[in-house]
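Observations on the three-dimensional arrangement
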Amino acid sequence: MSTQIFAYIEHHAGAADDSALELISAARKIDPQARVTALVFGSGQELDAVCKEAAATYPTVWKVDKEELAYPNAEIIRGMLINLLPKDCICLVPHDTFGMDLAPGLSVKLDSACVTDVVDIEGADGDTLKTVRQEFGGQVSTHVNCDISRGTVITVRTGSFAADEDRSAQGQVEDKSGEAGQVEVKRKFLEVVEAEMGEVDITKEDILVSVGRGIGEEENIELAEELAQAMGGVVSCSRPIVDAKWMEKSRQVGTSGQTVKPKVYLALGISGSFQHMGGVKGNPFIVAVNTNPKAPIFQVAEVGIVEDAVEFAPALTEKIKEMK
Ligand SMILES: Cc1cc2nc3c(=O)[nH]c(=O)nc-3n(C[C@H](O)[C@H](O)[C@H](O)COP(=O)(O)OP(=O)(O)OC[C@H]3O[C@@H](n4cnc5c(N)ncnc54)[C@H](O)[C@@H]3O)c2cc1C
């Protein structure tokens, strides 16, 4: 396949986001032989550190270093990508708030197709790329074929592709700052507002017992707390629990909550929406307890238990106490 493939690398504080390693796996499902180019935009020393990291995975890294890129403003980056990218390329972007902001307008300006929230790629057959998306909270898979002859922008759901752990690429970093040009924008970056941290920092914990809507009532959260204590962990939750004001926002796992990297993630009554699982990183050992055997979380869980979480949690707590 002759189409060039690019991957947009998100980063924070001088470190590439985990999605950088997932996008190259997605690219290899399009073309196993592809020489994928990483696109790294930012400014200063932090950007250099990210480029170095990306070059360990990607054979080519295009770096764009500009003061106005200190904060990732999708409007500026879109303008620069239009100046840089060949019109018939495939550009992979993480499907998060930034990617959703960047991708549609980019595809319009490149006059290419746009497929969003892709969870799998079944390969390319000539000019037809076969992708898979999910509908109805993961209950239904949709197969989307798209014509890549005029290029395609694809947003890739985080956590859907295994991270490529090979760090032997020794890629070449090419400075494209000049070619990226200057972009006039209407949107202005004001400040970063960090989320408030509660008494417990779930991002630092190795063991999380996470409760979702399936826990039923606020009083039942105590069962999860007792289990977490027995396991030596803490309780986190899904968004409906925070919306119901049963737990603080600082305990919410997900794309609009915290990104956690535990070793063990025990999910009680959580369906496994991508917005929730998007916050579960670092390849933990996932155990899911859910009454619905078709719940999407069972697709990512190492151990799946079809059971009432309200009955299961105290039973497991007792068992752990007995074993101790
Ligand atoms: C822009 C945006 C951002 C979002 N950000 C986040 C986010 O950061 N984090 C987040 O979590 N969500 C987020 N969401 C919401 C997300 O889409 C889901 O609605 C949410 O994750 C669902 O939470 P849940 O799994 O607890 O509830 P549900 O989807 O309602 O699932 C409850 C599950 O419990 C099971 N169940 C029911 N009773 C029992 C029982 N007795 N025992 C065991 N299992 C039982 C059910 O079978 C079901 O699978 C976001 C949504 C949007 C649109």
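This text gives an overview of the structure that appears in the document.

Secondary structure summary: the protein chain contains nine helices and 17 strands in total. For 324 residues, the compact-globule formula gives about 20 Å, and the C-alpha radius of gyration of the protein chain, at 21 Å, lands near that figure. Summarising its shape, the C-alpha atoms of the protein chain cover approximately 65 × 45 × 40 Å along the three principal directions. Considering only residue pairs separated by 6 or more positions, the protein chain has 65% of its internal contacts joining residues 24 or more positions apart.

The environment of the ligand is formed by 28 residues, the closest being Gly212, Gly214, Ser238, Gly254 and Ser271. A breakdown of the residues in the shell around the ligand according to their chemical character gives seven nonpolar, 18 polar and three charged.

This part covers the sheet that holds strand β8 (residues 120–125). Read across the open sheet, the three strands follow the order β8-β9-β10; overall the sheet is antiparallel. Among the strands making up the open sheet, the edge pair consists of β8 and β10 (140–147). Along the sheet, successive strands turn relative to each other by an average axial angle of 25 degrees, direction set aside. In terms of strand pairing, strand β9 (residues 128–135) meets β10 through eight bridges, oriented antiparallel. Note that in β10 the partner of Glu135 across the bridge is Val140. Each of β8 and β9 is contacted by helix α1 (residues 19–30), which is oriented at about 35 degrees to β8, the strand it contacts most.

Moving on, we come to helix α4 (residues 97–110). For α4, spanning 14 residues, the distance from its first C-alpha to its last is 21 Å, which sits close to the expected 20 Å at 1.5 Å a residue. Listed as buried for α4 are Gly99, Leu102, Ala103, Leu106, Ser107 and Leu110. Downstream of α4 by one or two residues, Asp111 has phi in the positive range, about 55 degrees.

At a minimum axis distance of 9 Å, the contact between helix α6 (residues 221–231) and helix α9 (residues 309–323) shows a crossing angle of 30 degrees. What the angle tells us is that α6 and α9 run roughly parallel. In this structure, α6 meets α9 at a crossing whose hand is left-handed. Where α6 abuts α9, its residues Leu223, Ala224, Glu226, Leu227, Ala230 and Met231 lie against Val310, Ala313, Pro314, Leu316, Thr317, Ile320 and Lys321.

A word on the sheet that holds strand β13 (residues 207–211). Spatially, five strands are ordered β14-β13-β15-β16-β17 in an open sheet, and the strand pairing comes out parallel. Looking along the sheet, the strands with just one partner apiece sit at the ends: β14 (234–237) and β17 (303–305). Here the strands of the sheet are splayed against their neighbours by 20 degrees on average, with no regard to which way each runs. As defined by bridge partners, β13 adjoins strand β15 (residues 264–268) across five bridges and the pair is classed as parallel. Bridge pairing in β15 links Val209 to Leu266. Against the sheet, α6 touches β13, β14 and β15, its axis set at about 170 degrees to β13.

A word on the environment of Ala224. As for its position among the elements, Ala224 is in helix α6. Taking the C-beta count within 10 Å as the criterion, Ala224 has 27 such neighbours and is therefore assigned buried. Along the backbone, Ala224 and Gly99 are 125 residues apart, and their C-alpha atoms lie at a distance of 35 Å. Excluding its chain neighbours within four sequence positions, the residues that come into contact with Ala224 are Val209, Val211, Ile215, Val235, Leu268 and Ala313.

Reading the values: the criteria
Residues numbered from 1 in each chain as written. Predicted model: local features only at pLDDT ≥ 70, side-chain atom pairs only at ≥ 80, totals over all residues. Helix = DSSP H or I, 4+ residues; strand = E, 2+ residues; numbered from the N terminus. Rg over C-alpha atoms; globule rule 2.2 N^0.38 Å. Contact = placed C-beta atoms within 7 Å. Near = placed C-beta within 6 Å. Nonpolar A, V, L, I, M, F, W, Y, C, P; charged D, E, K, R; others polar. Pairing = 2+ DSSP bridges. Axes fitted to C-alpha atoms, helices over the stretch in contact; angles between N-to-C directions. Expected span 1.5 Å × (residues − 1). Buried ≥ 20, exposed ≤ 12 C-beta atoms within 10 Å, placed from the backbone. Parallel < 35°, antiparallel > 145°, perpendicular 65-115°, else oblique. Left-handed = near helix turned anticlockwise from the far one by under 90°.

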